Amino acid sequence: MPLLVPGPSSPLLTQRLAGVCNYKVAKVSYRVFPDGESYVRVEEDLRGKVAIVVQSCPPPQDKRVMELLQLIDASLRAGASKVIAVVPYLAYSRQDKVFLPHEALSSKIIAKAIEAVGASSLVTVNVHSNLVLGYFEKIRALSVDAFPEIADYLASLGLKDPLVLSPDKKRYPDARKVAELVDGEAAFLEKKRDLETGEVTTEEKALAIEDRDVVIVDDIISTGGTIVNAAKIVSKSNPRRIIAACVHGLYAANALEKLMAAGVKEVISTDTIESKTSKVTVAKTIADAIKRLLEG
Ligand code: R5P
């Protein structure tokens, strides 16, 4: 029977996975040395067992990534026959290519490190770009989709004539998928990001949304800038309610407060990053992926 090896960033999701899969959770100890370095020890004999390391990598990303690598290494040293790395939020995936000359290709560094330390496969959730999966050259890397679960939650809110809006044309397929599942309509806005300053601008668009519920969906909310721009545009057309839904709620720089100030009434995210907005669990979706990997 495989064992779950819990990382410090995903305690709730690990418990939920344990419930769905009926797997035991291994005892792991973590410490931080006075100088800030992380220490990880698996306190159980994992000989002959498949270890499923569960560690998301939200802020502080660099520390979370190091703990992930330590957990994989420690599981193998404890005798695990193989390690499945479950990394619900895979940090650095937005640096999926070199945008400006001489930039580091951060997502490829992460993939290489996970492979090098000895994981046999990886499961993540709504990876920002499929290019990142291609950087795993030696092991199988899967990205599962949380939008059906998000759509189920949205449907339970009793939406009125919903419009599901993508704040970026590139992510319109996600909005279309959610719209279909909540029996609504889909639309998109067009945004541009300044590669030097990171500033986001969104083109104005007239939308037929008077007295309708508008759900703005994105894979990630970080500073909230993308959703704030969309919410400001939407607000001009008198919607009934604006809801923001994402898979990974990072919420840097007071993002939640900014969203509320821009007219968003409710923010929904998943437990890929555990916070007060993670109302949707990805446990079942991840459990299905683990099952597929174990079955080969
Ligand atoms: C970008 O391509 C992503 O899909 C998100 O739209 C972006 O990461 C959101 O970032 P922020 O909340 O800082 O605008």
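Being a predicted model, the structure only gives us computed values, none of them experimental.

A. Structural context of the pairing of strand E1 (residues 3-6). Taking every second residue as pointing to the same face, both faces of E1 are buried, with Leu3 and Val5 on one and Leu4 and Pro6 on the other. Summarising the sheet, E1 and strand E2 (residues 24-25) pair through 2 bridges and their orientation is parallel. For leucine 4, the partnering residue across the bridge sits in E2 and is valine 25. At this point the chain moves from E1, through helix H1 (residues 11-21), to the parallel E2, and the crossover so formed is right-handed. Bridging between E1 and strand E5 (residues 50-54) involves 4 bridges; their strand directions are parallel. Residue pairing across strands places leucine 4 opposite isoleucine 52, the latter belonging to E5.

B. The sheet that holds strand E8 (residues 140-144), seen in detail. Spatially, E2-E1-E5-E6-E7-E8 is the arrangement adopted by the 6 strands of the open sheet, whose pairing is parallel. Whereas interior strands pair on both sides, the edge strands pair on one side only; in this sheet they are E2 and E8. The pairing of E5 with strand E6 (residues 82-86) spans 5 bridges and is parallel. Of the residues in E6, the one forming a bridge with isoleucine 52 is isoleucine 84.

C. A look at the sheet that holds strand E16 (residues 278-280). Sheet architecture is open: 6 strands sit in the order E10-E9-E13-E14-E15-E16, paired in parallel fashion. Edge positions in the sheet fall to strand E10 (185-188) and E16, since each of these pairs with one other strand and no more. Across this sheet, the average inter-strand angle for adjacent strands is 35 degrees, counted without regard to direction. Across 8 bridges, the pairing between strand E13 (residues 213-221) and strand E14 (residues 241-249) is parallel. Along E14, the bridge assignment pairs aspartate 213 with arginine 241. Taken strand by strand, helix H6 (residues 172-181) contacts strand E9 (163-166), E10 and E13, and its axis lies near 165 degrees from that of E10.

D. Structural context of H6. For H6, the complete set of buried residues consists of Tyr172, Asp174, Ala175, Val178 and Ala179. Down the axis of H6, the buried set is contained in an arc of 155 degrees. They therefore lie on one face. Positive backbone phi, at 60 degrees, marks aspartate 183, one or two positions downstream of H6.

E. Molecular detail of unusual backbone geometry. Cis geometry marks the peptide bond from proline 59 to proline 60, where omega comes out at -5 degrees. Within the secondary structure, proline 60 is located in the loop between E5 and helix H2 (61-77). The backbone of aspartate 183 sits at a positive phi, close to 60 degrees, despite the residue not being glycine. Tracing the backbone shows aspartate 183 in the loop between H6 and E10.

F. View of the nonpolar core. Core analysis: the biggest nonpolar cluster contains 43 residues, and Ile52, Leu154 and Ile286 have the highest contact counts within it. Broken down by element, the residue count for this core peaks at 6 residues, all from helix H9 (residues 283-294). In contact with leucine 154, other than residues within four places in its own chain, are Leu159, Val178, Val182, Val215, Ile243 and Ile268. Within the second largest apolar cluster, 39 residues are counted, among which are Val5, Ala26, Leu46 and Ala80.

G. A look at the packing of H2 against helix H3 (residues 106-117). Taken N-terminus to C-terminus, the directions of H2 and H3 make an angle of 20 degrees; their axes are 9 Å apart at the nearest point. Classified by the angle between their axes, H2 and H3 sit roughly parallel to one another. The two elements H2 and H3 meet at a crossing, and its hand is right-handed. Seen from H2, the contacting residues are Val65, Leu68, Leu69, Ile72, Asp73 and Leu76; seen from H3, they are Ile110, Ala113, Ile114 and Val117. For the contact of H2 with H3, a count of residues per class yields 9 nonpolar, no polar and 1 charged.

H. Summary view of the site of the ligand. Neighbouring the ligand are 14 residues; Asp218, Asp219, Thr223, Gly224 and Thr226 lie closest to it. At 3.1 Å, a side-chain N or O of lysine 191 approaches an oxygen atom of the ligand. Note that an oxygen atom of the ligand is positioned 2.8 Å from one of the backbone N or O atoms of serine 222. Contact with the protein chains hides 94% of the accessible area of the ligand, taken as 380 Å² for the molecule alone. A molecule is said to occupy a pocket when more than half its atoms come within 2 Å of that pocket's grid points, and by this definition the ligand occupies the largest pocket. Of all the elements in the fold, those that place two or more residues in the shell around the ligand are strand E11 (191-193), E13 and helix H7 (225-235).

Cut-offs applied
Residues numbered from 1 in each chain as written. Predicted model: local features only at pLDDT ≥ 70, side-chain atom pairs only at ≥ 80, totals over all residues. Heavy atoms only, no water. Buried < 20%, exposed > 50% of the residue type's maximum accessible area, 1.4 Å probe, protein only. Helix = DSSP H or I, 4+ residues; strand = E, 2+ residues; numbered from the N terminus. Pairing = 2+ DSSP bridges. Right-handed = clockwise from strand over helix to strand, strands pointing away. Axes fitted to C-alpha atoms, helices over the stretch in contact; angles between N-to-C directions. Contact = heavy atoms within 4.5 Å. Arc of directions from axis to C-beta. Core = buried A, V, L, I, M, F, W, Y, C linked by side-chain atoms within 4.5 Å. Parallel < 35°, antiparallel > 145°, perpendicular 65-115°, else oblique. Left-handed = near helix turned anticlockwise from the far one by under 90°. Nonpolar A, V, L, I, M, F, W, Y, C, P; charged D, E, K, R; others polar. Near = heavy atom within 4 Å. Polar contact = N/O pair within 3.5 Å; in protein donor to acceptor, adjacent residues only side chain to side chain. Areas by Shrake-Rupley, 256 points an atom, 1.4 Å probe, with all protein chains shown as cover. 1 Å grid on protein atoms, 1.4 Å probe; cavity = no way out; pocket = protein on both sides within 12 Å on 5 of 7 lines; lining within 4 Å. Sits in = over half its atoms within 2 Å of the grid points.

Worth remembering: the numbers are spatial, not functional.
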